[in-house]
Amino acid sequence: MTNGVLLFAFNNNSIDYLKLAKLNAALVRKHLNIPVTLATDMKVNDSLFESVVYVDKSEPTTRVFKYRNNSNDVTSWFNKTRTDAYHLSPYDNTLLLDVDFLIFSNDLKKLFSTNVPFACYDSVHDITDTASFSGDTALNWNSIPMRWATVVYFTKDPIAKNIFSMMERVKLNYEYYAQLFNFNFTPYRNDYALSIALQVLGGFNSDRFHLPGKLSTLSTYDNIEHVNDDGSLVISYQKHHNENKNIGMSSIKGIDLHIMNKPTLLTHYDKLMQYASV
């Protein structure tokens, strides 16, 4: 049985996702010690990746990222190939990660010794306790529960295959499902496609296939201020998103972390890579 990580990376006009994928792969090697396959449209020759699968970029979605001081970044977002993960993965057991989900522990390696065919997070934990994701418990206030595609574990099992197939169906008919489940149909979100797939295939009871705990996350309003030699992060955050002067500070260590502020990751890329390479 082969185990490994699958990453997707498609650059846009704002973010170098390939650099983030390299950082992610280096951290996987350090803490999980399993191979990484990259799915991309770019030519890549890097020993951090066991293999590279070349796929088309797909049609872009326009996404608005909101940062501190009320700054916005309107950019193209190439996120519609994740539904192909089941077929693209060369592994029997796969950990599918967003490239901005960084591994700082070996916790997720335990999944490979289970008999779970599919698992994802069903809730998010705001590390700063500022309720940044209080609106992300459902697709809309009166819709179905929210599930997160940031971290997905799956095996070459018919159950996992059916979930990805249903996600593909949702993607191809996204406007219909947006009306059916009462959410905005732009931009396309893999989280929503996954949430719907698990609801439909579970007979509208999605209380299965959950990773233990919550998805630890920093929002786009949170910045990394410093990376220490031991991999701990000093972060700053707005205690209230409409009060730019009300800034809090915190230190985080040894926690796998979804860092949605990709520019702050790239700012500290060299230091993070230095830690990952030790």
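Calculation notes
- The residue numbering used here restarts from 1 in each chain and proceeds along that chain's sequence as written.
- At least 70 in pLDDT is required for a residue's local features to be given in this predicted model, at least 80 for side-chain atom pairs to be given and counted, and no such filter applies to totals for whole chains, interfaces and linings, which use all residues.
- Each side-chain value is derived from all of the structure's non-hydrogen atoms; neither hydrogens nor water enter the calculation.
- Two kinds of site are reported from a 1 Å grid over the protein atoms alone, namely cavities, where a 1.4 Å probe fits but cannot get out, and pockets, open sets with protein on both sides within 12 Å along at least five of seven lines, and residues are called lining when an atom falls within 4 Å of a point.
- Grid points are joined across faces, edges and corners, and a volume is the space filled by probe spheres set on the points.
- Only DSSP runs of H or I with at least four residues qualify as helices, and only runs of E with at least two residues qualify as strands; both kinds are numbered from the N terminus onward.
- Throughout, the ten residues Ala, Val, Leu, Ile, Met, Phe, Trp, Tyr, Cys and Pro are labelled nonpolar, Asp, Glu, Lys and Arg are labelled charged, and all others, Gly among them, are labelled polar.
- Note on classification: 1.4 Å probe, protein chains only; a residue is buried when its accessible area is under 20% of the maximum for its type, exposed when over 50%, partly exposed between these limits.
- Pairing between two strands requires that DSSP report at least two bridges joining them.
- If the strands point away from the viewer and the path from the first strand over the helix to the second runs clockwise, then the crossover is right-handed.

Peer 1: Summarise the layout of surface pockets; cite the residues concerned and give the values.
Peer 2: The gaps left among the atoms become clear once a water-sized probe is rolled over them. Within this model, the largest pocket holds a volume of roughly 1,100 Å³. Lining of the largest pocket is provided by 41 residues; of these, Arg63, Phe65, Trp77, Arg189 and Met260 occupy positions nearest its centre. Secondary structure elements with two or more residues in the lining of the largest pocket: β1 (3–9), β4 (61–67), β10 (148–155) and α5 (190–201). The element that contributes the greatest number of residues to the lining of the largest pocket is β4, accounting for 4 residues. Grouping the constituent residues of the lining of the largest pocket by class yields 19 nonpolar, 13 polar and 9 charged. Around the second largest pocket, the lining comprises 17 residues; the ones closest to its centre are Asp107, Leu108, Tyr121, Pro212 and Asp256. In terms of residue class, the lining of the second largest pocket is built from 8 nonpolar, 5 polar and 4 charged.

Peer 1: How would you explain the pairing of strand β2 (residues 36–40) if you had to name every residue and give the values?
Peer 2: Counting buried positions over the 5 residues of β2 gives 5, a clear majority of the element. The alternating pattern of β2 places Val36, Leu38 and Thr40 on one face and Thr37 and Ala39 on the opposite face, and all of these are buried. Looking at chain direction, β1 and β2 are connected through 5 bridges and run parallel. Note on β2: the bridge partner recorded for Val5 is Val36. In this fold, β1 hands off to helix α1 (residues 17–31), which returns the chain to β2; that crossover is right-handed. Note: β2 against strand β3 (residues 51–54), 4 bridges, orientation parallel. Opposite Thr40, over in β3, you have Tyr54 as the bridge partner.

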